[in-house]
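# Residue-level structural notes
Listed below are the residues making up each chain.
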Amino acid sequence: MTISRPTYTTREAVKARLDVKLTARMDGIVDDAIQAAAEDVDRLCHRQFWPQVDSRAFDWPTRESPTSWRLWLDQHELISITALTAGGTTIAPADYLLYPVGGPPYTRIEINLGGSAAFAPGATHQKAIVIGGLFGYGNDETAAGTLAALLDGSSTSLTVSSSAAVGVGDLIRVDDERMLVTGRASVDTGQNLAADLAASAAAAGMVVADGSAYALGETLAVDTERFRVEDITGNVLTVRRAWDGSTLAAHTSGADIYAPRTLTVVRGYAGTTAAAHTQGAAVRRHAPPALVRQLARAEALATVQQEAAAYARVVGSGDNEREASGRGVKALREDVYGAYGRKARIRAV
């Protein structure tokens, strides 16, 4: 299955916790699991946690309503507004208020009753109010390196300066364009081993030309062995050997060092437009709430492990039969719903 939406966790995060060998077969299994987990999280909480640029139309609240100056957004939560019209007339930012105070997300819009603006129906009350803006729960982001090369307006492959902060399933942003990461491939980092490496787990110091070009948590490859960067001291990388199920081996000085920094992406994602971007442009990664990220990862991990056991991980029998593992997922699910679930409410008249 190809990733078709942001997944709140990544293929790499799930595989690292399972310590499974890097294979195309496992990639497909994990991708299925993280996408299903993200969909489950959205259904549980009745909301979308990733940002989406969109223009959405709403019915006029009607003159008979005592609150015709208030528009409830329901599942269409707002992060920010770029344009608001009612009956074809633009309403200025000073003439409306977003609630609740302290958002986003914002769940309703109210006309500022101190002004002269109003939600007007136009020719019909149906779809009379149009909101253009950024919809979703939130737009928190973290730095994810920079573009390592110029990116034109149509290529679906880009190279980043570090692979540690970006994984398959992530939603990233460069300038005003958002992209969905659907794959990763290794590329030559341009550096070589500056000293031999023995075929020993104790030989954990990888000497490179420039340690600042690497990041903690990044996976590197030399010959057929993969390494995880655990620490960086100057130009010496402290690495975990035989990572991702690879085989421990000896490597000679001058060997090429590879890293999975080439990303396959869906361009112009989440309502944005594909555009050209310069080398060195900042890459930002959408950061869902920590509990949401943990639940998505836990659900995916449980799914992968249950599939490996043919969904036979139970103890007891009859009325006493229960899952032998994954009990913590239920508690985490309850925590996420308590913190981020969009609850039923009664509107004031």
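Coordinates for the structure precede this section.
The shown structure was predicted, so the numbers you read here are calculated from the model rather than taken from an experiment. (Residues numbered from 1 in each chain as written. Predicted model: local features only at pLDDT ≥ 70, side-chain atom pairs only at ≥ 80, totals over all residues. Heavy atoms only, no water.)

### Some details on the layout of surface pockets
The volume enclosed by the largest pocket comes to roughly 770 Å³. Lining the largest pocket are 33 residues, with Thr10, Glu12, Ala13, Arg184 and Thr219 sitting closest to its centre. At the level of elements, helix 1 (11-18), strand 11 (177-192), strand 13 (219-222), strand 14 (225-233) and helix 3 (290-308) are the ones that each hand at least two residues to the lining of the largest pocket. Take the lining of the largest pocket: its biggest share by element is six residues, from helix 1. Considered class by class, the residues forming the lining of the largest pocket number 12 nonpolar, seven polar and 14 charged. (1 Å grid on protein atoms, 1.4 Å probe; cavity = no way out; pocket = protein on both sides within 12 Å on 5 of 7 lines; lining within 4 Å. Points joined across faces, edges and corners; volume = space filled by probe spheres on them. Helix = DSSP H or I, 4+ residues; strand = E, 2+ residues; numbered from the N terminus. Nonpolar A, V, L, I, M, F, W, Y, C, P; charged D, E, K, R; others polar.)

### A closer look at unusual backbone geometry
Cis geometry marks the peptide bond from tyrosine 99 to proline 100; its omega dihedral reads 5°. If you trace the backbone, proline 100 turns up in the loop between strand 5 (96-99) and strand 6 (108-111). Look at the link from proline 104 to proline 105: it is a cis peptide, with omega at 5°. Here aspartate 175, not a glycine, exhibits a phi torsion of approximately 55°, which is positive. Along the chain, aspartate 175 falls in the loop between strand 10 (171-174) and strand 11. A relative accessible area of 41% means that aspartate 175 is categorised as partly exposed. The phi dihedral of alanine 242 falls on the positive side, at around 50°, and the residue is not glycine. What makes alanine 242 partly exposed here is its relative accessible area of 28%. (Buried < 20%, exposed > 50% of the residue type's maximum accessible area, 1.4 Å probe, protein only.)

### Regarding the side chain of arginine 5
Mapping arginine 5 onto the fold places it in the segment before helix 1. What makes arginine 5 buried here is its relative accessible area of 11%. Only 2.8 Å separates the side chain of arginine 5 from the side chain of aspartate 42, close enough to count as a polar contact. (Polar contact = N/O pair within 3.5 Å; in protein donor to acceptor, adjacent residues only side chain to side chain.)

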